[in-house]
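# Tertiary structure, described
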Amino acid sequence: MEQLEPMPGDWRRALAVVAHPDDLEYGCAAAVATWTGEGREVSYLVATRGEAGIDTLPPAEAAPLREREERAGAAVVGVTSVEFLDHADGVIEYGVALRRDITAAIRRHRPELLITLNFADTWGGTAWNTPDHRAVGRAALDAAGDAGNRWIFPDTEAEPWDGVRWVAVAGDDDPTHAVDVTAGLEAGVRSLAEHRAYIEALTDQPPQDYARSLVEGFAAETAGRFGGRPAIPFRLFSR
Ligand SMILES: [Zn+2]
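A brief structural summary. (Residues numbered from 1 in each chain as written. Predicted model: local features only at pLDDT ≥ 70, side-chain atom pairs only at ≥ 80, totals over all residues. Heavy atoms only, no water.)

### Focus on the sheet that holds strand β4 (residues 82-84)
Adjacent strands of a sheet form backbone hydrogen bonds with each other and so pair up, either parallel or antiparallel. Put simply, the rule reads: DSSP calls a pair of strands paired once it identifies at least 2 bridges connecting them. The helix and strand labels rest on DSSP assignments: H or I over at least four residues marks a helix, E over at least two residues marks a strand, and numbering proceeds from the N terminus. What makes two residues a contact is simply this: any of their non-hydrogen atoms within 4.5 Å. Angles here are taken between N-to-C directions and fall from 0 to 180 degrees, while the axes themselves are lines fitted to C-alpha atoms, restricted in helices to the stretch in contact.
Pairing is mixed across the open sheet formed by 8 strands, whose spatial order is β1-β7-β8-β6-β5-β2-β3-β4. Two strands in the sheet have a free side with no partner beyond their single neighbour: β1 (5-6) and β4. Strands β3 (41-46), β5 (113-117), β6 (166-170), β7 (177-180) and β8 (231-238) of the sheet are contacted by helix α1 (residues 28-37), whose axis makes an angle of about 85 degrees with β8. Sheet strands touched by helix α3 (residues 96-109): β2 (13-18), β3, β4 and β5. Its angle to β2, the strand with the most contacts, is close to 165 degrees.

### Side note on the packing of α3 against helix α4 (residues 131-146)
So the rule is basically this: The scheme is simple: roughly parallel for angles under 35 degrees, roughly antiparallel for over 145, roughly perpendicular for 65 to 115, oblique for anything else. Working rule for handedness: look at the near helix, and if it is turned counterclockwise from the far one by less than a right angle, call the crossing left-handed; if clockwise, right-handed.
Packing of α3 against α4 brings their axes to within 8 Å, and their N-to-C directions diverge by 55 degrees. Relative to α4, the element α3 is oriented oblique. Every pair of crossing elements has a handedness; the one defined by α3 and α4 is right-handed. Across the interface between the two elements, Leu-98, Arg-99, Ile-102, Thr-103, Ile-106 and Arg-107 of α3 pack against Ala-135, Val-136, Ala-139, Ala-140, Asp-142, Ala-143, Ala-144 and Asp-146 of α4.

### Focus: the pairing of β5
This is how it is decided: Burial classes follow relative accessibility: with a 1.4 Å probe on protein chains only, a residue under 20% of its type's maximum area counts as buried, one over 50% as exposed, and anything between as partly exposed. The handedness of a crossover follows from its direction of travel: if, with the strands pointing away from the viewer, the path from the first strand over the helix to the second runs clockwise, the crossover is right-handed.
Burial analysis of β5 places 5 of its 5 residues in the buried class, the great majority of the element. Neither face of β5 is left uncovered, since the one carrying Leu-113, Ile-115 and Leu-117 and the one carrying Leu-114 and Thr-116 both have all their residues buried. As defined by bridge partners, β2 adjoins β5 across 3 bridges and the pair is classed as parallel. For Ala-16, the partnering residue across the bridge sits in β5 and is Ile-115. As paired elements, β5 and β6 share 5 bridges and run parallel to each other. Each bridged residue has a counterpart across the sheet, and for Leu-117 the counterpart in β6 is Ala-170. Between the parallel elements β5 and β6, the chain passes through α4 in a crossover that is right-handed.

### Description of the coordination of the zinc ion
Let me state the cut-off plainly: The rule for donors is simple: an N, O or S atom within 2.8 Å of the metal counts, and for Na, K and Ca the reach is 3.2 Å. Water is not among the atoms, so a site may look short of donors.
Looking at the zinc ion, one finds its protein donor set to be His-20 (ND1), Asp-23 (OD) and His-133 (NE2), positioned 2.0 to 2.1 Å from the metal centre. Summarised as a motif, the one-chain spacing of the donors to the zinc ion is H-x2-D-x109-H. One end of the pair, His-20, is in the loop between β2 and α1; the other, His-133, is in helix α4, and 113 residues separate them in sequence. For the pair formed by His-20 and His-133, the shared burial category is buried.

Written out as structure tokens, the structure is:
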């Protein structure tokens, strides 16, 4: 089977930009744990509080709960900086406002690596993606360029930052690179399991079992394309 390239290693800071609490925990957090374990800095930027994500819980109650679960899931993989943009869950609009918010965060955090989630129409085949993922992923790639241009969004607090060298897209149907997550796999499982209330509303399976089967499953799936090692794949856009 065609092998994936190893992810670049010559970077210090990454910023992960996603739509919802839990987007990073379905696999990507195992990569984050591996990286923070190597002394790298990773921060999270989440466009919504995931307030529309639990059918049985009204948004006003779901928002603070999901924020707590996201911060707990981040802490488990060595991430202490988690910011929420307060766009509306389910109806995030792709556009200048979203690009501006992400640009401002990139200029503050000055990452070399930007991480986001699959923004294609589908997850492969006919599994339709959500409008929020489509909007945020595209805006993140756009903002990587915006952040470096002093004439675009000139009124952000922080100075322009043209140092984003790559954007890595998790969950993409056509990955190019991968990272060996042997070191971070266990923390990756615990990170997803921190989304306890969310998972309990989804399935009767205990959160820990649900998280283990999914995250280990993702990592094992990629092993065949990465020298037999448990790995998380990314589609890498270089800049
Ligand atoms: Zn999502």
